[in-house]
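# Fold and contact review
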Amino acid sequence: MIEWIKHLHERWNDWCGDHDMETSIRKHLTLNGYFGRTAKLRNVRLVAVQRPGWLQVFRFEATVRVAAESGNDEVPDAEAEYHELYGLVRDDIRHKINVVRVFQSTEERHSLFKRWSDGLICLRGAYGLCQHEETRS
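The model shown is predicted, which means the values in this text are computed figures rather than measured ones. Residue numbers here run from 1 along each chain, matching the order of that chain's written sequence. Per-residue local features are limited, in this predicted model, to residues with pLDDT of at least 70; the limit for side-chain atom pairs, both in listing and counting, is 80 or more; totals at the level of whole chains, interfaces and linings are taken over all residues. Neither water nor hydrogens contribute to the side-chain values; these are computed over all heavy atoms in the structure.

### Remarks on the overall build of the protein chain
Note on conventions: DSSP H or I runs of at least 4 residues are helices, E runs of at least 2 residues are strands, and numbering of each starts at the N terminus. Summing up its helical and strand segments, the protein chain has four helices and five strands in all. Shown N-terminal to C-terminal, the secondary structure of the protein chain runs as helices and strands in the order α-α-β-β-β-β-α-β-α. The cut-offs for exposure are 20% and 50% of the maximum accessible area for each residue type, with area from a 1.4 Å probe on protein chains only; residues under the lower value are buried, those over the upper are exposed, and the others partly exposed. Within the span of the protein chain, comprising 137 residues, buried residues form 33% of the whole. For this analysis, residues touch if any pair of their heavy atoms sits within 4.5 Å. Partitioning the contacts of the protein chain with sequence separation of at least 6, the portion at a separation of at least 24 is 51%. Summed over all atoms, the accessible surface of the protein chain reaches about 9600 Å², with 51% contributed by carbon and sulfur. For the area figures, the Shrake-Rupley method with a 1.4 Å probe applies, and any residue is considered shielded solely by the protein chains shown.

Right under this line is the structure:
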């Protein structure tokens, strides 16, 4: 029973809840050399919002498989390579603009979050992103 509850908690924690945003993230990953459809998205959280809620910033982490280069047919059974990525999504509902950025380091994500969240209300999910900059000073 406890294992089932842990499994349910993990599924709830990794649930995106916004099909359009999840599709945007997966499409961005695919366009940037990864297998976006099979990416494991985690910790998708709303971290900043501008009143009345039209502009939103989300954070996420992803484990993604690197897509093989198209010219590399010499090794068809090469071992899969995976990357851990840290991302942000800036969703402007009024103008239907959805910008996705992914990084291989958390520092780059922190830097972009600082710019994107300037003037926005930072929510509880942004605690680590906001604190990172303050602790480094």
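From this point on, the discussion continues.
### Focus on the confidence of the model for the protein chain
Confidence in the prediction for the protein chain averages 82 pLDDT; 76% of positions are at 70 or higher. The element-level mean pLDDT for the protein chain is lowest in helix α4 (residues 127-136), coming to 54, with strand β3 (residues 82-92) highest at 95. The score called pLDDT rates the predictor's confidence residue by residue, from a low of 0 to a high of 100. Below a pLDDT of 50 lies the segment residues 132-137, which in the model reaches six contacts outside its immediate sequence neighbourhood of four places, other chains included.

### So, the pairing of strand β2 (residues 55-65)
Most of β2 sits inside the fold, with nine of its 11 residues counted as buried. Relative to β2, strand β1 (residues 40-50) runs antiparallel, the two sharing eight bridges. Directly across from V49, in β2, lies its bridge partner Q56. In this description, strands pair whenever DSSP reports at least two bridges between them. The loop that links β1 with its antiparallel partner β2 comprises four residues; one of these, G53, has a positive phi angle of about 115°. In this structure, β2 lies alongside β3, joined through 11 bridges in antiparallel fashion. Bridge pairing in β3 links F60 to G87.

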